[in-house]
Amino acid sequence: MGRLKLEYLPLDKIDVSLLNVRKANIEESIKELAESIKEIDVQQPVVVFPKGDRYELIIGQRRYLACKRLGKKEIPALITHVKDETDATLKSFSENIHRLDLEYRDKMRVATELLNKFKSIKQVAKHLGVSPQTVSNYLGYAAVEDDMKELVDEGKLTASTAIRITKNI
């Protein structure tokens, strides 16, 4: 296995590979991702492999699209080498399948900390690159009883349902 090389690559030299496994919901919350990138820049490089004088993107399609939407000229990219199409597909799949979303409790904690600092839901939303309603939902989760939070942690109840139940009690 070769070493990865980090470079800032021009967006117009990158093509989204047909081997990239993400096909559904690509545009979902891309606006929020673009806002986050605008606020704090790209935090994780995309992953590409060379193909002729261009690069094929196999990991980070949404980051790439958000940067294009923002009119950025380049993006940090890890350049890898692939043995064949199967190797490229496996790399793309592995990165996507093992990603774990933040627990709602963690989102609530961060939103609360930032609200204490910025004093405004709108400012917290701007810094996180999400809507003010999303921040309000994170903050509303603080009022949810611990036993209901355990049900959310176990996947038996959604956080939004727990919040609605709490509001109606």
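Structure: see above.
Just so we're clear, the structure is a prediction, and the values are computed from it rather than from any experiment. (Residues numbered from 1 in each chain as written. Predicted model: local features only at pLDDT ≥ 70, side-chain atom pairs only at ≥ 80, totals over all residues. Heavy atoms only, no water.)

**Q** Mind showing me how you'd approach the pattern of salt bridges here?
**A** It is possible for side chains of opposite charge to pair when their charged atoms get near one another. Overall, the coordinates contain six salt bridges when judged by the stated rule. For Asp41, the salt bridge goes to Lys72, with nearest N and O atoms at 3.5 Å. Here Asp41, found in the loop between helix H1 (30-40) and strand S3 (46-51), pairs with Lys72, found in the loop between helix H2 (61-70) and strand S5 (74-79); they are 31 residues apart in sequence, far enough to count as distant. Across the salt bridge formed by Lys51 and Glu56, the nearest N and O atoms sit 3.6 Å from each other. (Salt bridge = Lys/Arg side-chain N within 4 Å of Asp/Glu carboxyl O. Helix = DSSP H or I, 4+ residues; strand = E, 2+ residues; numbered from the N terminus.)

**Q** Just to check I follow, could you spell out a negative patch on the surface for this structure?
**A** A cluster of like negative charges, contributed by Glu145, Asp146, Asp147 and Glu150, occupies part of the molecular surface. As for its placement among the helices and strands, Glu145 is situated in the loop between helix H6 (132-140) and helix H7 (146-153). (Patch = residues over 30% accessible without salt bridge, like charges linked within 9 Å, V, L, I, M, F, W, Y side chains within 5 Å. Areas by Shrake-Rupley, 256 points an atom, 1.4 Å probe, with all protein chains shown as cover. Lys, Arg positive; Asp, Glu negative; His and termini not counted. Charge placed at Lys NZ, Arg CZ, Asp CG, Glu CD.)

**Q** What is the right way to look at the sheet that holds S3 in this model?
**A** In a beta sheet, neighbouring strands pair by backbone hydrogen bonds and run either parallel or antiparallel. If you walk across this open sheet you meet the five strands as S1-S5-S3-S4-S2, and the pairing is mixed. Looking at the sheet topology across the chains shown, the edges are occupied by strand S1 (5-10) and strand S2 (14-16). When strand polarity is set aside, the average angle formed by the axes of neighbouring strands in this sheet is 45°. Looking at chain direction, S3 and strand S4 (residues 54-59) are connected through five bridges and run antiparallel. When the bridges of S4 are listed, Pro50 appears paired with Tyr55. (Pairing = 2+ DSSP bridges. Axes fitted to C-alpha atoms, helices over the stretch in contact; angles between N-to-C directions.)

**Q** I keep staring at the pairing of S5 and nothing clicks. Help me out?
**A** Within a regular beta strand, the side chains point alternately toward one face of the sheet and then the other, so they alternate between its two faces. Bridge analysis of S1 against S5 gives six bridges, and the strand direction is antiparallel. Each residue of the ladder has a partner; that of Lys5, found in S5, is Ile79. Bridge count for S3 against S5 is three bridges, and the pairing is parallel. By the bridge assignment for S5, Val48 is matched with Ile79.

**Q** What should I look at first to understand the packing of aromatic side chains in this one?
**A** The relation between two aromatic rings is expressed through the spacing of the ring centres and the mutual angle of the planes. Within this structure, the stated rule accounts for zero aromatic pairs. Taking NZ or CZ as reference, Lys149 lies 5.4 Å from the ring centre of Tyr141, over its face. (Phe/Tyr/Trp six-rings, centres within 6.5 Å; stacked < 30°, edge-to-face > 60°. Lys NZ or Arg CZ within 6 Å of the ring centre and 35° of its normal.)

**Q** Can you walk me through the side chain of Thr80 in this structure?
**A** Its place among the elements puts Thr80 in the loop between S5 and helix H3 (85-97). Residues in contact with Thr80, not counting those within four places in the same chain, are Leu4, Val47, Val48, Phe49, Pro50, Ile58 and Lys91. (Contact = heavy atoms within 4.5 Å.)

**Q** Got a minute to help me understand the environment of Val130 in this structure?
**A** By secondary structure assignment, the location of Val130 is in the loop between helix H5 (121-128) and H6. With a relative accessible area of 24%, Val130 lands in the partly exposed category. Distance from Val130 to Ala34, taken between C-alpha atoms, is 9.8 Å for residues 96 residues apart in sequence. Residues contacting Val130, with those up to four places away along its chain left out, are Glu32, Ala125 and Val135. (Buried < 20%, exposed > 50% of the residue type's maximum accessible area, 1.4 Å probe, protein only.)

**Q** Help me out: how do you make sense of helix H4 (residues 104-118) in this one?
**A** Over its 15 residues, H4 extends 21 Å from the first C-alpha to the last, a length consistent with the 21 Å expected when each residue adds 1.5 Å. Those residues of H4 not exposed but buried are Tyr104, Lys107, Met108, Ala111 and Leu114. In a view along the axis of H4, the buried residues occupy a sector of 135°, so they form one face of it. Contacts made by the buried residues of H4 are with H5, H6, H7 and helix H8 (159-168). Phi turns positive one or two residues past the end of H4, at Lys119, with a value near 65°. (Expected span 1.5 Å × (residues − 1). Arc of directions from axis to C-beta.)

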